[in-house]
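The lines below spell out each chain.
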Amino acid sequence: MSNPPLKGIRVIELARILAGPWAGQLLADLGADVIKVESPYGDDTRRWGPPFVFDKDGENLSAAYYHSCNRGKRSVLIDFATEEGAATLKKLIATADVLIENFKFGGLKKYGLDYDSLKADNPRLVYCSITGFGQTGPYAPRAGYDFIIQAMSGMMSITGAPGEEPQKAGIAVSDIFTGLYSTIAIQAALRHAEATGEGQHIDMALFDSQVSVLGNQNLNYLVSGNSPIQMGNAHMNIAPYEVVPVSDGHIILAIGNDGQFQRFCHVVDLNELPGDPNFATNSARVTNRTKLREIIVARLAEYDKATLLTDLEKLSVPASPINTIGEMFNDPQTIARDMRMDLDDGHGNALPSVRSPIIMSKTPAVYERPSPRLGEHTEEVLSELEQKK
């Protein structure tokens, strides 16, 4: 097996909760040596349960939430609020290629751990700051919480049933996307550092990331001047593209073009619709979506999920069941792709995990260790630091 792509890169993670740790976990999957520096209190998510992960002897190994974003790292316990701890951490950072931190704006300056203080000793350092609102602007001092970011960015205004209470997404999407964007930025900055010997400061904001990923909805507004609204499971620009009821539940129908619509109509014996100018094209279907839905719902009441999905798949009409997470993990595609992993923690325990979606033929990801116990690698890492003197 070839070496993972980021082997030899050392990352210091001064990050808690989700966005920073998500970036750190992905870098670890790609082969980086990610050292998670924790205070004696530890990452907050260690206590964000139940559920908790327990070892074979009943010891609490932290909440499931913590294990979702800290695979592959080494945990070092350093209290950098003390003079001795800050000095030790600075020595460790001097050996690193990357630092990830998600402290409040300016929060690390008093410890001499801000970018300007560190770059003199390590000019190649790629320093990634993750905050709610970034390093500039009137909201820079504010704390950032995913829920608030989803609200302020416009995300919640387009999520939920029409006329009902605005809804957040079921996961912390602004944290996750910021973690992914941060990983991209870090790799780009590492490329620059390799070429020039010069590191840099990366300014990542949850708000910016969430605004950015509104994608087509942003352009719908910028082109029309009208803010998109809640449409439930319907799509502003495509129809029919929504949840539809059948005799024994609901399915997803995702018609993306006129050919798919024609084939769908053939399957459910609505062959008159493709020739009707009110429904012949996508733009016509979007304009007449209310009437179209009434027709489809009435017809699909005659079908059960399994039969209809099988018939639609035969003609390559995009449709799917609506799985629970448990059903997803039991889906043959999930199993075939080995998405579920159990990692040996070196103490006789197999800890559950989910692999990265990245598959590379020459430089595959590595999954050699699960999420670390608090301070598990302190002695190991500090011993390495002494050997570098």
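Novice: Account for the nonpolar core, naming residues and giving values.
Specialist: Soluble globular proteins: nonpolar side chains tend toward being buried together. By size, the foremost hydrophobic cluster in this structure holds 25 residues, and its most contacted members are Val11, Leu27, Val98, Ile100 and Ile186. Those elements that provide at least two residues to this core are α1 (19-29), β6 (98-101), β7 (126-131), α6 (173-196) and β8 (200-205). The element contributing the most residues to this core is α1, with five residues. Beyond its immediate chain neighbours, meaning those up to four positions away, isoleucine 186 contacts Leu27, Val98, Ile100, Val126, Cys128 and Ile202. Within the second largest apolar cluster, 22 residues are counted, among which are Leu14, Leu89, Phe103 and Leu108.

Novice: Give a detailed account of the pattern of salt bridges, specifying residues and quantitative values.
Specialist: Under the criterion given, the structure shown has 22 salt bridges. Glutamate 302 serves as the salt-bridge partner of arginine 299, at 3.8 Å between the closest nitrogen and oxygen. Relative accessible area serves as the criterion here: at 61%, glutamate 302 is assigned to the exposed category. Each of Arg10, Asp33, Arg74, Glu380 and Glu384 takes part in a single network of salt bridges with overlapping partners.

Novice: Residues and numbers for the sheet that holds β7, please.
Specialist: One open sheet accounts for six strands, arranged β5-β2-β1-β6-β7-β8; its pairing is parallel. A strand with exactly one partner marks an edge of an open sheet, and here the two such strands are β5 (74-77) and β8. This sheet shows a mean twist of 20° between the axes of neighbouring strands, independent of strand direction. As defined by bridge partners, strand β1 (residues 10-14) adjoins β6 across four bridges and the pair is classed as parallel. By the bridge assignment, valine 11 is partnered in β6 with valine 98.

Each value, and the rule that gives it
- Residues numbered from 1 in each chain as written.
- Predicted model: local features only at pLDDT ≥ 70, side-chain atom pairs only at ≥ 80, totals over all residues.
- Heavy atoms only, no water.
- Core = buried A, V, L, I, M, F, W, Y, C linked by side-chain atoms within 4.5 Å.
- Buried < 20%, exposed > 50% of the residue type's maximum accessible area, 1.4 Å probe, protein only.
- Helix = DSSP H or I, 4+ residues; strand = E, 2+ residues; numbered from the N terminus.
- Contact = heavy atoms within 4.5 Å.
- Salt bridge = Lys/Arg side-chain N within 4 Å of Asp/Glu carboxyl O.
- Pairing = 2+ DSSP bridges.
- Axes fitted to C-alpha atoms, helices over the stretch in contact; angles between N-to-C directions.

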